[in-house]
Structures are given as C-alpha cells and as structure tokens.
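Listed here are the chains, written in short residue letters.
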Amino acid sequence: MRGAPAGRVRAQSWDDRARTRPRVKDRYVPRIATPAALERIRPAATAPELLRNFCIIAHIDHGKSTLADRMLQMTGVVEERLMRAQYLDRMDIERERGITIKSQAVRMPWQVEDQAYALNMIDTPGHVDFSYEVSRSLAACEGAILLVDAAQGIEAQTLANLYMAMEHDLAIIPVLNKIDLPAAQPERFAEELAGLIGVEPEECLQVSGKTGVGVEELLDQIVAQIPAPQGQVDAPARAMIFDSVYDTYRGVVTYVRVVDGHLKQGEKVTMMSTADTHELQEIGVIAPDPTTAEGLGAGEVGYLITGAKDVRQSRVGDTVTTQHNPATEALAGYRDPQPMVFSGLYPIDGSDYPALRDALDKLKLNDAALDYEPETSVALGFGFRCGFLGLLHLEIVRERLEREFDLDLISTTPNVVYQVTMEDGTEVEVTNPSEFPAGKVASVTEPTVAATILTPSDFVGPVMELCQNRRGVMEGMDYLSPERVELRYTLPLGEIIFDFFDQLKSRTRGYASLDYEAAGEQDADLVKVDILLQGEQVDAFSAIVHRDKAYSYGVMMTGKLKELIPRQQFEVPIQAAIGSRIIARETVRAIRKDVLAKCYGGDISRKRKLLERQKEGKKRMKNIGRVEVPQEAFVAALATDGGGDS
Amino acid sequence: MTTPASAVGHPTAPDPGRGRHPARPVPELDLTGTADGARHRDLGVYVHIPFCAVRCGYCDFNTYTATELGGGASQDAYAGTAIGEVHLARDAMDAAGLPRRPVRTVFFGGGTPTLLPAADLARVLHEIADTWTLAPDAEITTEANPDSVTPQTLAELAAAGFTRISYGMQSAVPHVLATLDRTHDPARVPEAVAWAKDAGLAVSLDLIYGTPGETLADWEESLRAAIAMAPDHLSAYALVVEPGTKMAAQVRRGELVMPDDDDEADKYELADALLAEAGYRWYEISNWATTPDQQCRHNIAYWRSQDWWGIGPGAHSHVGGHRWWNVKHPRPYAAAVEQARLPVAGQERLTAQQRHDERVLLEVRLARGMPVDDERLLTSLVADGLAQPDPAERGLVVLTARGRLLADSVVHRILGLT
C-alpha cells in the first residue's frame, strides 16, 4: 500500500484502507504513560510536584481547540476512533462559531523519562465579555501557553490576556501555531512574541495543531517550564471555582482548582461567599469525560457535583471549603458578575412572552451573569430588560434563545448604565433610556473602558479618528514592531457597544483587534433623545447620547423611520426631541391611494388571498396612538449592522 | 388586454392545485350543493380567447402568440374546443342538479378575441345560446384590439348577436403606447369606434394610467381623446406591474420608473372629474357609464358573486360558492376537452368567512353600495371622508372619491382589521 498513487485509492478495498490507517497515525503516536507511572498520578493521590496546571491563551481562530485535540490524542486520553474536531467544545454554538464560551479542565497523563505527570489543561473563554472568567481560569494555573497563529500574529485580546497572565506571574510558553500554512511567517511573529514577553525568538515553539508537528515537544516543555503548584497540603481545604455549568441531568457541575488541603467525596462543603452548604455527591476529574475520584488534593483540578440547580449557588471566583474544617479566609479575587450592557428582548409574536420567560429562566441556570426583569414597551409589547456582560454575551444569549427555544426576538439598541443626579440631589440609576428622569438634571455619569487596539501601522490615522469621534481619550501608543501598533484609549462604554467594532474592522480592512476592560465612570454631557410619532413617544427608540450627537441621532432615526413607516390616512410627523424641544423632524405624508384598481374579473380567489395575507399582516401591527406600524418597521429600525466583537 | 372581464388566472399567482406538471391527475370538479338557491342567481359565461398577435410588456394574462404556441392547439381549432367545453359544462351543471337558466351575459375576453374570425366567435356564441338559451336582453360583449376589426367583422359580430364591444385603447399618447408595447395606431381608434356604432354595438374603451413616463398632461390627453369618441362606457385602470412580465424586468433593471401612488391618485381624480363633466357616472371604482343601461352587467355579476362559467384555458369560474380554474396552457386544455374531461386545474369551496370577505371586497367597490349595519363604523367612515353621508344614513357604504382611492382601508375597516 505504501506510496499508492492518490488516483488508486478509490480502487482499494475496505481491508486495504484499514491497513493504511496506521500510517496517518504515525504523525502523532500517543506517548502513553506506563501503568506503574500512572499509579503515582491517581487523582487525590498525586504529589503536587507531579502536577502541571496550564491554560492556552489564544485568539479565536488561532487554533486552540485543534491544538487541544492533538494533545488529547498524543497523551492517549482520547482514542483516535472517538476523536472529533473541537472535542472539548460542548455547545453547538461554540462549535459553529468557533468560540469557546465555557471553560473546562482536562487531565492528561504525560510521561517524561520514567516519571508520569498529570497535566491539567484549563480551557479559557476567548472573549472580552468573559474577562472575569478568564482571570479566574488564569488564577487556577501556574503557566500559560501563548498560542499565536503564525500567519496572523498576536491580536489585542490575546495581548490583554497575556498581560493578565503576566500579572498572575504565570510561566509563559510562547507557541506559534499553524506553521504548516503556506502563509505562515514564524520568524516574523517569533520576533514579535519574543519582544512582548522578553525571550529570544528561538525560544518560541513552532507547532501545527493540524498535523501534530511540535506538539510532543510542547508537552515536554509544559513539564519542564511550568512550575508545580505550591499549596499547603495539610491546611483546611480551599478550592477556587473557575467555572460552573448547569447540566440538565446532574444539576450544576462546578470546576475547581484545589489550592490548599483536599476535598473528598461525601464531605459537606461550604461556599464561602454565601455560606451555603452542600454535600459533595460526586467529585472527579475530566479525562476528558467526567471520571469520579475519591477526592482532589492540593494543586489538583477537577469537578464537583453538589446537587445545586442554579449556577448562582456555585459562583465563579468563590472559594469552596469543608464544613468540618473550614478555612477562615477565602481566596482573593471573588467578584459578583456585573452586567455592563442592557437591552430589551421582546418576542416578535406577543404570545411567545411566557415561552421567553421560561427560556430565560432556563438559561439563567447556566449563566450567572444573565440578569433580566419584565418590561413593557408601547412599541414592542411585553418583554424583558436584560443585563449582559457585553455585546457578545448579548448575542450569544439571544442566539441561544432563538435557536434552542425557537423564539423570534427583537432586541432594542443596547445601552449602558447611567447614574443620573438631579438638581434636588436625588440619584437615579438608568438601565433603560426611557427611564431617564425628566426635570432638572445636575449630572450624568457613564461607565468607561480602557481599550487596547492593535492595528497595522498603516491604519493608525483612521483608528485614532474613530476613537476621537467616540469621545476617546488617548492614553498611549506603542509600536510592537514596525508594522504593528498598540493604541490605548479610555472610551465611554456606551460609545463602543453600538457599532464600534464594525467601524474599527472596516477602517482597518479587518486587521485591527480590540480589547477593553472596565475603567470606572466619568461625568458626561448626556441627554435623552426621544422619538415621537404624531406626538406619541416610541419608547423603544429613546436613546441616551452625548449632547453633541443628539442632533445626528435624531436626524438618523427620524430619517430611518420615515422610510419604514407606511403611509397612513393622515400625515404623521416623526420628531426627535430632547425634553420638549424638537431637534429633528420628518413627515410621512398621508396616503392617498391604496386600492388595487385592477380588480381581476374572474380571479376573485387571488384578490381574496391578498386580503387574507393582509389580515395576517395586521396581526403584526402595533399601534402608536393612531399610527399603525408593522412590527417589521420596528425590527428594521432597530437593526444594526451587527456590533459583535467576535 | 386589461379588462375586468378577463377572467383569467395570473401566471405567478399561487393557485392551489394548478399543476406545473401536466401529468398530475386532473381533480374532479365537485359541484355538490351548489344548486341551492341557484334560481335566484344569474348565469353568465366567459369565453377566453388565449391568442394575441403580440404580447404586451405589461401583460400577465393567459395569452399566447402564434410563435409562443408553436405547433398544436391551433387558433383554427380553438372554437371547436371551446364548444366542447360548453357541452361539458352543461353536463356537469345538469349532473349537479343546477337548473338550466338563460344566460344573461356572455363576455369574450383575452387575449385578443378578434384575432379569431368573427364566424368562430359567432359559432361559440350560438352554441351557448343553443345550450342554455339567452335571456331576451342578454349582454354579449367581446373585447377587441382597435386594429383587429373592420366594418365587415363588426357587422358580422352584430349580426351574430353581439351587443357590445370593448376596445383596448389604453392611451392616446404614442410614447405611452410604445412603453406599453401597444402596436395600434391611435388614429385608428375613433374610426373603429365609429364602425362599431354604425354596426349598432355599444362601445366601451379601456384606458390605462400610471404608465412609466406618462405625465398628468399625457393622461388628460388620453381621457379627452376617449371622451371625444363618445363611448357608452369607459374603464380606467392603474397600471399594475405584475411579477414575471417583461415590464417588471424593465422596472427591476431601472429602465422604467414606476410613478408613485400620489401620481396615480392625481390621475384617478382627474379621470373622475373629466368623466363626470362629460356625463359619465362611476358605478365601480374603475368603471364609468353614460347611463345605468350601459354598465357592464357581466362584470357586475362578478362583483356580486353571481354564477358564471369560464370557458377556455386558465379561465376562472364560480358557481354557488365554488370556485375553480382551468389549466392554463391551450394544449393540455385542448387535450382534456378532447377526452371529454373538464380541464380543471384547481378548485376551492369557499367558507362562510371567505364568502363574507369576498362580498365586502367586491361590493364596496360598487356605486350601489355595500350594506353595513354598524352605525359607529358608518359614522367614522363618513367622518374620515371615505363614505358618502346620505347613503350612510340608509346603512350603505358608498365611497367618496377619496374612499374609492382608499378602498382597501375601507375594506379592512368593514372587516374589523383595524
């Protein structure tokens, strides 16, 4: 069979094919640890010095999941016949969009000379919206693989996560992936990585997750370079939750890194932020399917099942201790998830409201950051005002609602939280523009972010212009290489949640990347612009904007609605107003003719069917005062050109 | 031709049951129960002539040029096939227990009926008369292209019993006719009208407004030219560009720009004013006549849900709440009739709701008015300037000029959709 020309493959019998298969496997022969060596790395009985906890920092598309797949195969934990692409990504959306939303931890044995080690690969979420979860994943590790596409170089978000990893004092192993690609420029990007983390370019490993080249060396380097965990084996147990996932059959599955002491099956454990106590019904490791164990010792990573039904009972960042010998001090770094971006979600068919409520209740079980409360809109009917970590979080939730629960939804333009102080000293928190208080406003504060933008140096001008248009304040600028620049800005969060990322991409031919983190609040001259149809306010279109942009928002929205609102039997003014002051106006002229004058003589059926379609259309009409507006007009007016940072 | 009596399906309309595949079994026409109350309903016959010398760019009617048809289904044999369907119709109605009623109206539409020799049209008419008899005052209309008639053919038609001719004049303005692909010489129309009058036929003219490029002045010229010929009846239809026509493609490519609804409203109002001034009274949104006697009774029967049988490919029929339509292409049509099968492509039995919807949809268009017993609705329609006050006092919705232009809204309001 050796060397059979490709053209003859079709003529091979099944038996022949089976015999050729080992040749493919040759490229990554598993290095399976011996039984004797494995015995020393049993869960709950592994010395910390035989543990290596690491994560992979990578941008979407830079091949993290493919590399993880190869590691699973090389270490022998997944048999080749069971292998499927992106093995660790569980949700459909993850696999389809190539985004890892929820992290996991896989335990893999790896033998170097006579010694077996247990490698825990902690998968990190890959998006800015989940930066808190990223920080907890990093806190669970001693080292990180900085994985960069050898054809593309580092992206802003990877850089941000790299900085975060460096702040956590993780050992960083720089790795260039996809070296098999014809477009790969490993030398060029090795320089860039070396400059960033202070190593020699030659120290960057070159791998291909696709072909397996260099992966064995990488696994060896993980053992060699990443420090073993340092924990107090005999201290009261402290385990940090770095992820928490709701499973329909098992309830909440909590992923932990044991820092001190140990946890055992059947023990009562306490969540230190809430003091809630649960029994450890099951404890184990992911290898890469859940495998029960007697317990988990200091330095180990694994999962707990307590019977909790809601991820809020098992919060990321919280510390788990035992009830009988509790730790006195929680691990540092716990934080409640704070929604940053709000949007109204409404069913297009009003009768789907209860279904939407049920669906949100279900999603909430698995999403501690999702926040929602009922809301009513004149234009859109009954829905929910939802709080999200960021735009991607919003998109993912919306997509899951539509896909997994078969709902058709409209989402209102996302907004941030504003603190409004009135002249009489009262303070109002505004998460929905239509709640912006009327009356004398003394000040308004808005959240800001510290943004990092990486762009090819050719596009620095357009990027700076964009940031200035969005009220950005430049904080710094560095050349990573002659071709790539890092720009740092403080920007109002409200200015980047709309279409900033799309604008950034279009101004840089898709090359720029963005990362940001919350950076406090600032006072700003913000006003609420209302949109009125024949004098009636359309709540869904109210927006809080900077005073300098109020006019352009008004002109844009009235212009858009003029095109979308069908002519009525009377003239309909569309106005934009700040308080009682009209700042822009358009008019939908009264309709003069709607009749189809050509009435087919005999083919009455056709005309009646047209009427029946109109009847269906009427069901989707919303009334704003006397004005009838089809639901589609609202949907179209609310549609943005994306805005996701993915 | 664009006339209301062209009782012919639309090529792109989703006719349930209209098979694209001729091999699909033809559904058996089910007239069960349609005999109830038939004695109180008029019977009309529509005869579709699916031939044209040239296909006009805006036309979506079921018609074919000689080249489009190729072999088979020839124009020569057509009258014989149509007569075949007349016999099948008679048998089907007899079998369903429908009484044989004298036919009150016959309408030959197309296509261009006058592409067939007058003798062929006469043969079909005689067969209808022999089959059901004609009412003493029967209205017998044929559509015609102004350049497909001669004094001779018109005299033959009159002699055969035709009482009325409807010319597809469309416009008097050459550039508008050119956009519509109309080939007739506008100067020919007064002559053709005069010949018809000489032959003793009542005359109707069809006009189209809202053709791309037509100005308000162009339209006025057409209206005045039509009025100058003193027809007994006039129809004025807004041009509707149907998907799948050559014109739809021209509009899509931006070669033609459709006027907006306001332009059409202006033109309708102009037509209404000039025609009223010239002594024509509207009796349906798009139709005007000198006297009630000159109203097209065949069309009124459509709008008042009477019974009619549509003969010919693609023709639609209605008998006692049952609607059906024939196969569209002349060849499978001829084949079915040849095999003594009704050439039905699809049918539907109207529900009570559907009959009500249709009644509102159609009767509201008529000057005689639509009875409505909801006083608040009547008051609001009057207040909005859509319905005339005096008939409203008597519980009738009779549209004002504004109401005629906004008739769809009025229909929605009567049906409680708003």
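Just so you know, these numbers come straight off a predicted model, no measurement behind them.

The rules behind each value
- Per chain, residues are indexed from 1 in the order of the written sequence.
- Chains and ligands are labelled sequentially in the order written, the chains with letters from A and the ligands with numbers from 1.
- It should be noted that, the model being predicted, local features are given only for residues of pLDDT at least 70 and side-chain atom pairs only at 80 or more, the latter also being counted only at that level, while totals for whole chains, interfaces and linings use all residues.
- Working from all heavy atoms in the structure, the side-chain values ignore hydrogens and water.
- What counts as a helix is a DSSP run of H or I of at least four residues, what counts as a strand is a run of E of at least two, and both are numbered from the N terminus.
- Here's how the labels work: a residue is buried when its accessible area is under 20% of the maximum for its type, exposed when over 50%, partly exposed in between, all with a 1.4 Å probe on protein chains only.
- We call two residues in contact whenever any of their non-hydrogen atoms come within 4.5 Å of each other.
- Every accessible area reported is derived by Shrake-Rupley at a probe size of 1.4 Å, with residue values counting cover from the shown protein chains alone.
- Side-chain atoms within 4.5 Å are what join buried Ala, Val, Leu, Ile, Met, Phe, Trp, Tyr and Cys residues into a set we call a nonpolar core.
- A pair of strands counts as paired when DSSP detects no fewer than two bridges linking them.
- Helix axes are fitted to C-alpha atoms over the stretch in contact, other axes to C-alpha atoms as well, and angles between N-to-C directions run from 0 to 180 degrees.
- Cavities and pockets were defined on a 1 Å grid built from protein atoms only: a cavity is a group of points that admits a 1.4 Å probe but offers it no way out, a pocket is an open group of points flanked by protein on both sides within 12 Å along at least five of seven lines, and a lining residue is one with an atom within 4 Å of any such point.
- Grid points are joined across faces, edges and corners, and a volume is the space filled by probe spheres set on the points.
- Following the grouping adopted for this structure description, the nonpolar residues are Ala, Val, Leu, Ile, Met, Phe, Trp, Tyr, Cys and Pro, the charged ones are Asp, Glu, Lys and Arg, and the polar ones are all others, Gly among them.
- A pair of sulfur atoms, both from cysteines and within 2.5 Å, is called a disulfide here.
- Grouping into patches uses exposed residues only, defined as over 30% relative accessible area, and leaves out salt-bridged ones; the cut-off is 9 Å for like charges and 5 Å for nonpolar side chains (Val, Leu, Ile, Met, Phe, Trp, Tyr).
- Salt-bridge detection follows one rule: a side-chain nitrogen of Lys or Arg within 4 Å of a carboxyl oxygen of Asp or Glu.
- All tallies of charge rest on Lys and Arg as positive and Asp and Glu as negative; His and the ends of each chain are not included.
- A charged residue contributes its charge at one atom only: NZ of Lys, CZ of Arg, CG of Asp or CD of Glu.
- As a per-residue measure, pLDDT reflects the predictor's confidence and takes values from 0 up to 100.
- Residue count minus one, scaled by 1.5 Å, sets the expected span of a helix.

Here's the deal with the overall build of chain A
When its secondary structure is counted, chain A shows 16 helices and 33 strands. Counting over 646 residues, chain A shows a buried share of 57%. Put simply, of all contacts in chain A between residues at least 6 apart along the chain, 70% involve residues at least 24 apart. For chain A, the accessible area works out to roughly 27300 Å², and carbon and sulfur atoms hold 48% of it.

Details of the overall build of chain B
Regarding its fold elements, chain B presents 16 helices and 14 strands. Here chain B holds 418 residues, and 60% of them are scored as buried. Taking contacts inside chain B between residues at least 6 apart in sequence as the whole, the part at least 24 apart equals 73%.

Describing the nonpolar core
All names here are of chain B. Within the largest apolar cluster, 107 residues are counted, with the highest numbers of intra-cluster contacts made by Tyr167, Leu205, Trp309, Val397 and Ile414. The element contributing the most residues to this core is helix α2 (residues 75–95), with 9 residues. When sequence neighbours within four positions are dropped, the list of residues in contact with Leu205 reads Tyr167, Met169, Val189, Val193, Ala226, Met229, Pro231, His233, Leu234 and Ser235.

Let's talk about the sheet that holds strand β10 (residues 268–271) of chain A
The strands making up a sheet are joined through hydrogen bonds of the backbone, oriented either antiparallel or parallel. Residue and element names in this part refer to chain A. If you walk across this open sheet you meet the 8 strands as β11-β10-β16-β7-β8-β15-β12-β13, and the pairing is antiparallel. Each having just a single partner strand, β11 (277–279) and β13 (290–292) make up the two edges of the open sheet. Averaged over all pairs of adjacent strands, the angle between strand axes in this sheet comes to 40 degrees, irrespective of strand direction. Relative to strand β15 (residues 301–305), strand β8 (residues 251–260) is paired through 5 bridges, and the arrangement is antiparallel. When the sheet's bridge partners are listed, Tyr255 is paired in β15 with Tyr303.

Re the layout of surface pockets
A water-sized probe rolled over the atoms picks out the places where empty space is left. Residues and elements named next belong to chain A. The computed volume of the largest pocket comes to approximately 930 Å³. In terms of lining, the largest pocket is formed by 44 residues, of which the most central are Thr413, Phe498, Ala543, Val545 and Tyr553. Contributions of two or more residues to the lining of the largest pocket are made by β18 (371–377), α12 (493–496), α13 (500–507), β29 (543–546), α14 (547–564) and α16 (631–638). The greatest single-element share of the lining of the largest pocket, amounting to 6 residues, is contributed by α14. Grouping the amino acids of the lining of the largest pocket by side-chain chemistry returns 19 nonpolar, 13 polar and 12 charged.

Here's the deal with the state of the cysteines
Residue and element names in this part refer to chain A. The full count for this structure, using the stated rule, is 0 disulfides over all chains. Here Cys55 is not cross-linked by a disulfide; its sulfur's nearest cysteine counterpart is in Cys141, at 3.9 Å. Judged by its relative accessible area of 0%, Cys55 is buried.

Some words on a negative patch on the surface
Residues Asp373, Asp374, Glu375, Asp390 and Glu393 of chain B make up a contiguous surface patch of negative charge. Secondary-structure assignment places Asp390 of chain B in helix α14 (residues 389–393).

Re the confidence of the model for chain B
Residue and element names in this part refer to chain B. On average, residues of chain B score 90 in pLDDT, and 92% of them reach the 70 mark or higher. The least confident element of chain B, judged by mean pLDDT, is helix α1 (residues 66–69) at 68; the most confident is helix α7 (residues 216–228) at 97. Below pLDDT 50 for its whole length, residues 1–23 participates in 91 contacts with residues either more than four positions away or in separate chains. The ipTM value of the predicted complex is 0.82, and its pTM value is 0.66.

Some points on unusual backbone geometry
The omega torsion across Gly110 of chain B and Gly111 of chain B is 10 degrees, close enough to zero to call that bond cis. Along the chain, Gly111 of chain B turns up in the loop between β2 (103–110) and α3 (118–132). We note that Glu113 of chain A has phi near 55 degrees; this positive angle belongs to a residue other than glycine. The residue Arg471 of chain A is not glycine, and still its phi comes out positive at about 65 degrees.

Re the confidence of the model for chain A
All names here are of chain A. Averaged over chain A, the pLDDT score is 85; the fraction of residues at 70 or greater is 89%. Segment residues 1–26: pLDDT under 50, and 6 contacts once partners within four positions in sequence are set aside and those in other chains are kept. The low-confidence segment residues 641–646, where pLDDT is below 50, has 20 contacts with residues more than four positions distant or belonging to other chains.

Digging into the pairing of strand β22 (residues 427–430) of chain A
All names here are of chain A. Here strand β21 (residues 418–422) pairs with β22 via 4 bridges, running antiparallel. By the bridge assignment for β22, Thr421 is matched with Glu427. What sits between β21 and β22 in their antiparallel hairpin is a turn of 4 residues, with Gly425 showing a positive phi close to 90 degrees.

Some words on the sheet that holds strand β3 (residues 115–122) of chain A
Residue and element names in this part refer to chain A. One open sheet accounts for 6 strands, arranged β2-β3-β1-β4-β5-β6; its pairing is mixed. Of all strands in the sheet, those with a lone pairing partner are β2 (105–112) and β6 (205–206), marking the two edges. Relative to β3, strand β1 (residues 51–58) is paired through 5 bridges, and the arrangement is parallel. Bridge pairing in β3 links Cys55 to Ile122. Sitting on the sheet, helix α8 (residues 215–225) is in contact with β1, β2, β3, β4 (143–149), β5 (171–177) and β6, with an inclination near 170 degrees to β5.

Some details on helix α15 (residues 604–619) of chain A
In this model, α15 of chain A (16 residues) spans 23 Å end to end at C-alpha, consistent with the 22 Å of a helix rising 1.5 Å per residue. Within α15 of chain A the residues assigned to the buried category are Ile604, Ser605, Lys607, Arg608, Lys609, Leu611 and Lys618 of chain A.

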